[in-house]
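Here are the chains, one letter per residue:
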Amino acid sequence: MKNNIKKPKTVIVLAHPRSGTSMTAGILKILGIDIYNKDSCSYFNPKGFFEDIDVIKINLKIFELATGKIDLWGLPSHEDIMKQKEKVQNEIKSFINKKLKKNIDWGWKHCHTCLTIELFLPFLTNPHFVIVSRDNNDIAKSVNKISNNKINFSNAIKSINF
């Protein structure tokens, strides 16, 4: 006999920063995915960022452990990220289990999850991925614009080529 119990979907949005992930997450929320919106917005994201604060904290911790500093723009290598597995796996497992207890379709987006997703994968059930793509030059221009030209164009290009 076939088990007809519906497993909730976990929808993860993966992309470079400034690729349209907030818009994508906003659409997912409208479609019924429980995707966190910390209700912060800015001139550049007037509808909100739709980022889960727990994912931001986990990714920040992974980056800090991998690089020795708190910096979401100073990107660690894949090897350095993977070395943090044992140090963050309980936190990741706890985060995911808390979400799964709701027994509803849920998800998250944070631009650096594309670098850390391998650490989350062992704990996910029924994952679905939305990959957002945007031209690298347009991303670099957007990074430059939101930084008020404090990041030059070549550095912006380097920051998105991970």
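The rules behind each value
- Residues numbered from 1 in each chain as written.
- Predicted model: local features only at pLDDT ≥ 70, side-chain atom pairs only at ≥ 80, totals over all residues.
- Heavy atoms only, no water.
- Helix = DSSP H or I, 4+ residues; strand = E, 2+ residues; numbered from the N terminus.
- Buried < 20%, exposed > 50% of the residue type's maximum accessible area, 1.4 Å probe, protein only.
- Contact = heavy atoms within 4.5 Å.
- Axes fitted to C-alpha atoms, helices over the stretch in contact; angles between N-to-C directions.
- Parallel < 35°, antiparallel > 145°, perpendicular 65-115°, else oblique.
- Nonpolar A, V, L, I, M, F, W, Y, C, P; charged D, E, K, R; others polar.
- Phe/Tyr/Trp six-rings, centres within 6.5 Å; stacked < 30°, edge-to-face > 60°.

### A look at the side chain of Thr116
If you trace the backbone, Thr116 turns up in helix H5 (residues 113-120). The exposure class assigned to Thr116 is buried, which follows from its relative accessible area of 0%. Not counting chain neighbours up to four residues away, the residues in contact with Thr116 comprise Asn59, Ile62, Phe63 and Ile81.

### Brief notes about the packing of helix H2 (residues 53-67) against helix H4 (residues 85-100)
When two helices pack together, their arrangement is given by the angle between the helix axes and by the axis-to-axis distance. The geometry of H2 relative to H4 is characterised by a closest axis approach of 11 Å and an angle of 170° between their N-to-C directions. As the angle between them shows, H2 and H4 are arranged roughly antiparallel. For the pair H2 and H4, the contacting residues are Asp54, Val55, Ile58, Lys61, Ile62 and Leu65 in the first and Lys87, Val88, Glu91, Ile92, Phe95 and Lys98 in the second. Broken down by class, the residue content of the contact of H2 with H4 amounts to seven nonpolar, no polar and five charged.

### A short note on the packing of aromatic side chains
Per the stated rule, a full pass over the model turns up four aromatic pairs. For the ring pair Phe95 and Trp106, a centre distance of 5.8 Å and an interplane angle of 80° mean the geometry is edge-to-face. Placement of Phe95 in helix H4 and of Trp106 in strand S3 (residues 106-109) is noted, with a sequence separation of eleven residues between them. Classification of Trp106 by relative accessible area gives buried; the value is 1%.

In short, the description is geometric, and any link to function would need to be established separately.
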